[in-house]
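Architecture and fold: a report
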Amino acid sequence: MIDNGHAELSARLQAQLTAKEQRAARQQEWLQRYQQPIISLTLVTPGPIKNHARYQNVIGVALRMADHWLRENRWLVIDRVVRFAATGPEALWCVAHPAVEIKAQLATIEQTHPLGRLWDFDVICPQAGPVGRQSLNQHGRRCLVCDQPALVCIRSRQHSATELLNAVEKIINDGFA
């Protein structure tokens, strides 16, 4: 007998892995085509549901913030695409500007905007690869629940799915209040 719950979870996980592989392939294609840094935006969305109206609103704010910020800085956007897939919304920009400076400003936006903890702006340089916060002498992401380093909590499974989802809902509610 097949466990439908297990089969559904397996299908969702496979869809997430496929989406991640496809995103990485698009990123590599853009890096080769444009030879300029790219910004990849996804959301921090724990749990099985990755794309619903609240998450679309959250990424909508991130898109407006990023587009406004790029225009304000007068940085040339070579290409931009936004996708709303079942595996979660995502966006890509190709920007003619040094990747380290892009990452520094996006990390600040992630840390200071009320919804920023749910935004995952990755910056990838065509020569040096991903630009991490560590390269900027910044700490990594903080846990949504307890503010410890996120990787520590993720690896130890410190928090339940319910705790994580409640923390996300609180961030969204506070961010739109």
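As shown above, the structure is provided for reference.
Within each chain, residue numbers correspond to sequence positions counted from 1 in written order. Reporting of local features is limited, given that this is a predicted model, to residues whose pLDDT is at least 70; pairs of side-chain atoms are given and counted only at 80 or more, and all residues count toward the totals for whole chains, interfaces and linings. Values shown for side chains rest on all heavy atoms present in the structure; no hydrogens or waters enter the calculation.

**Quick notes on the environment of Q35**
The criterion, for reference: Going along the chain from the N terminus, every DSSP run of H or I of four or more residues is numbered as a helix, and every run of E of two or more is numbered as a strand. Only protein chains enter the calculation, and the probe is 1.4 Å; a residue is then buried if its accessible area is under 20% of its type maximum, exposed if over 50%, and partly exposed in between. The criterion used for residue contact is that any of the two residues' heavy atoms lie within 4.5 Å. In protein, a polar contact requires one atom able to donate a hydrogen and another able to accept it; more generally it is a pair of N or O atoms within 3.5 Å, and residues adjacent in sequence count only if both atoms are side-chain atoms.
Among the structural elements, Q35 can be located in the loop between helix 1 (4-34) and strand 1 (38-43). By relative accessible area, which is 44% here, Q35 ends up partly exposed. When the C-alpha atoms of Q35 and A167 are compared, they prove to be 38 Å apart, with 132 residues separating the residues in sequence. Look past the residues within four positions of Q35 in its chain and what remains in contact with it is W30, P126 and Q127. Of the polar contacts made by the side chain of Q35, one reaches the backbone oxygen of Q32; its length is 3.2 Å.

**Some remarks on helix 3 (residues 99-112)**
Selection rule: Helix span, expected: 1.5 Å multiplied by one less than the number of residues in the helix. In this description, one arc is meant: the one made by directions from the helix axis to the C-beta atoms.
Between its first and last C-alpha atoms helix 3 spans 20 Å; for 14 residues at 1.5 Å apiece the expected length is 20 Å, and the two agree. A99, I102, K103, L106, A107, I109 and E110 are the residues of helix 3 that are buried. The buried residues of helix 3 all sit within an arc of 160° when viewed along its axis, so they share a single face.

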